Amino acid sequence: MIYIAINHKPIPWGKTNVQLVFLILPSEVDRENHYKVFKQLYQLVKSKDKVQELIQTKDFHSFMEVLHTN
């Protein structure tokens, strides 16, 4: 299970500010594949443009559309 929070205002997180937060709660079975999930999330968030698109979405459907576009 993955929960996603979008903050309207950036919050301090170490030396940076964040607006997109992921909470990953893998089941016992999914724990074996957690590396794949982290790798995919890293590929997503390393693009500042993609993150900006995601935090500007207004609903789940729009978020998923942006998430699945290249």
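Reading the values: rules and limits
Residues numbered from 1 in each chain as written. Predicted model: local features only at pLDDT ≥ 70, side-chain atom pairs only at ≥ 80, totals over all residues. Heavy atoms only, no water. Buried < 20%, exposed > 50% of the residue type's maximum accessible area, 1.4 Å probe, protein only. Helix = DSSP H or I, 4+ residues; strand = E, 2+ residues; numbered from the N terminus. Arc of directions from axis to C-beta. Contact = heavy atoms within 4.5 Å. Core = buried A, V, L, I, M, F, W, Y, C linked by side-chain atoms within 4.5 Å. Polar contact = N/O pair within 3.5 Å; in protein donor to acceptor, adjacent residues only side chain to side chain. Pairing = 2+ DSSP bridges.

Observations concerning helix 2 (residues 48-55)
And step 1. All buried positions along helix 2 are accounted for by K50, V51, L54 and I55. Buried residues in helix 2, looked at end-on, bunch into an arc of 130°, giving them a common side. Counted as exposed and oriented over 90 degrees from the buried face of helix 2: K48 and D49.
And step 2. Here the buried face of helix 2 lies against strand 1 (2-13), strand 2 (16-24), helix 1 (34-45) and helix 3 (60-67).

Quick look at the nonpolar core
And step 1. The biggest cluster of nonpolar side chains holds 8 residues, and these are L20, L41, L44, V51, L54, I55, F63 and V66.
And step 2. When residues of this core are traced back to their parent elements, those giving at least two are helix 1, helix 2 and helix 3.
And step 3. Residue contributions to this core peak at 3 residues, all from helix 2.
And step 4. Other than its neighbours up to four places away in sequence, L44 contacts F22, K50, V51, L54 and L67.

Some words on the environment of L67
And step 1. Structurally, the position occupied by L67 is in helix 3.
And step 2. Along the backbone, L67 and K46 are 21 residues apart, and their C-alpha atoms lie at a distance of 13 Å.

A look at the side chain of T57
And step 1. Looking at where T57 falls in the secondary structure, it is placed in the loop between helix 2 and helix 3.
And step 2. A distance of 2.7 Å separates a polar side-chain atom of T57 from the backbone oxygen of L54.
And step 3. Setting aside residues up to four positions removed in sequence, T57 forms contacts with I6, S62, F63 and V66.

Considerations on the pairing of strand 2
And step 1. The pairing of strand 1 with strand 2 spans 8 bridges and is antiparallel. Paired with A5 across the two strands is V21, which belongs to strand 2.
And step 2. In this structure, the hairpin formed by strand 1 and strand 2 is closed by a connection of 2 residues, where G14 is found at a positive phi of approximately 65°.

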